[in-house]
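# Coordinate inspection notes
Take a look at the letters that make up each chain.
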Amino acid sequence: MSRISRHSNKLSWGWCILARRYSSSKPTTEVSDATKKICKIMMSSPAVTLDTALNQNGVRVSPEIVEDVLKKFENAGMVAYRFFEWADKQRHYSHSIRAYHTMIESLAKIRQYQIMWDLVNEMRSKRMLNVETFCIIMRKYAKVQKLEEAVYTFNVMEKYDVLPNLAAFNGLLSALCKSKNVRKAQEIFDSMKEQFVPDSKSYSILIEGWGKAPNLPKAREIFREMLDAGCHPDIVTYGIMVDVLCKAGRVDEALGIVEKMDSTDFKPTSFIYSILVHTYGVENRIEDAIDTFLEMEKNGLKADVAVYNALIGAFCKVNKFKNAYRVLNDMDCKGVKPNSRSFNIILNGLIGCKETDEAFRLFRRMIRLCEPDADTFTMMIKMFCERNELQMALKVWKYMQKKQFVPSMHTFSVLINGLCDRGDVSQACVLLEDMIEKGIRPSVQTFGRLRHLLIKEGREDVLKFLQEKINVLLKEPLWD
């Protein structure tokens, strides 16, 4: 803290048809043929021969292509890094700041911090570093509770010729608050507010942090302190206060703030209405949720996908799935494209009510309208595993691979556990090895379960092989 104070400033119905319906994870941008080709190579080639496979296919890269590929492989940090290194060697190409930032995020996600800092040094030598570089690193450290490292990252900015400013200060506060370390954020805020004059964003970050603690009195105190300091709340601050009050069960007080906004230059946004609709849904006040939605439209504010999703969630909370489907249809009529979350909310509700056949039908509908995300695939694979339909779970997995979607740690874990339930330890080991090679760190629970089964079957040699692979590729042992 002494150093810090010195700074100034995303099946059986005919898999062949589904595989042809490829589109980018970016909803409005078609992935180029080159990007598709590269992704196909990366999904099918062993990590050690990736460079050779890419060279033999004669693919050429551009900054846009590299950025797209890295984003698609953000869950597979080491595979992404090998591509990143290969791309850097290509003629007439140099990495963009966005490519560096995406790669830094992927490496931090799998705790490859040394390589991450090597990239920071590369960016420094190319004079490409900026405040956002360090904000990304602070967020990633804080997310895994490496608070000292997050603060250190802020402290060393000046050594890397990047002057810490208010945006960096807010970035550190935000990283700490989002990782549920609001007390640490408050400590830093109090010690540095003389060096950095807080703005509405600084106060809003703390208000939201204390609201999530939850500590409503402290959130109110920061709001009053903001006003006393002569810092005027903006629309984001009002939205956060409404959210904090709703989460604390003070809906009437939140409504009071919304009414008071009429006397300011700000009017309630779709975000604020989405909070109110969601809160009413959580409280099973479905009529209030509907009335709030209709009031928003009456006030001339067009509902966006977030508000529609809140209304869908409200209906699903009381198991009114037909109404949720009507909302989806209304979205289509109003020209609002549903996103993966729109469908995931209904899928989660249906699966929770054991309506698994209907969930499967909805999944089939979904893939015709938007791209499933990691949560979608994880839910569907888990559903089939729990129904003891492992072949269907594997079909979803294969479809996911055909779509060149890199599984998350949770998706891998769900299928590995499903295989373990069926006693298919060998297939589970193949998946775990694939997971490790992609640079995805398995959870202690998943690895521990597989470890127990391997020992039980007398296959200590396989266990030793997997453990060594984890130690080499992930740098951190999972088991002593």
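Residues numbered from 1 in each chain as written. Predicted model: local features only at pLDDT ≥ 70, side-chain atom pairs only at ≥ 80, totals over all residues. Heavy atoms only, no water.

Looking at an unreviewed UniProt entry, the protein chain carries the name Pentacotripeptide-repeat region of PRORP domain-containing protein, with the source organism given as Manihot esculenta. The Sequence similarities (unreviewed entry) comment attached to the protein chain in UniProt states, word for word, "Belongs to the PPR family. P subfamily." (UniProt positions renumbered as here; feature names shortened; annotations may be inferred.)

### A closer look at the environment of Met 296
Of note, Met 296 is situated in helix H17 (residues 286-298). Using a relative accessible area of 0% as the deciding quantity, one classes Met 296 as buried. The spacing of Met 296 and Val 307 is eleven residues in sequence and 9.7 Å in space, taken between C-alpha atoms. Residues contacting Met 296, with those up to four places away along its chain left out, are Ser 270, Tyr 273, Leu 301, Lys 302, Ala 303 and Val 307. (Helix = DSSP H or I, 4+ residues; strand = E, 2+ residues; numbered from the N terminus. Buried < 20%, exposed > 50% of the residue type's maximum accessible area, 1.4 Å probe, protein only. Contact = heavy atoms within 4.5 Å.)

### Concerning helix H24 (residues 409-421)
Between its first and last C-alpha, H24 extends 18 Å over 13 residues, near the 18 Å set by a 1.5 Å rise per residue. Turning to H24, its buried residues are Thr 411, Phe 412, Ser 413, Val 414, Leu 415, Ile 416, Gly 418, Leu 419 and Cys 420. Lining the buried residues of H24 we find helix H22 (374-386), helix H23 (390-402), helix H25 (425-437) and helix H26 (444-456). Where H24 ends, the next residue or the one after it, Gly 423, has phi of about 80°, a positive value. (Expected span 1.5 Å × (residues − 1).)

### Topic: the layout of surface pockets
Of the pockets and cavities examined, the largest pocket occupies roughly 1,000 Å³. Taken together, 28 residues make up the lining of the largest pocket; nearest its centre are Asn 75, Lys 109, Lys 140, Lys 143 and His 410. At the level of secondary structure, the elements contributing two or more residues to the lining of the largest pocket comprise helix H6 (97-109), helix H8 (131-143), helix H10 (166-178), H22 and H24. Top element by residues in the lining of the largest pocket is H6. It accounts for five residues. Considered class by class, the residues forming the lining of the largest pocket number nine nonpolar, eight polar and eleven charged. Looking at which domains feed residues into the lining of the largest pocket, each of domain 1 (339-397) and domain 2 (406-479) supplies at least three. (1 Å grid on protein atoms, 1.4 Å probe; cavity = no way out; pocket = protein on both sides within 12 Å on 5 of 7 lines; lining within 4 Å. Points joined across faces, edges and corners; volume = space filled by probe spheres on them. Nonpolar A, V, L, I, M, F, W, Y, C, P; charged D, E, K, R; others polar. Domains from an automatic or database assignment.)

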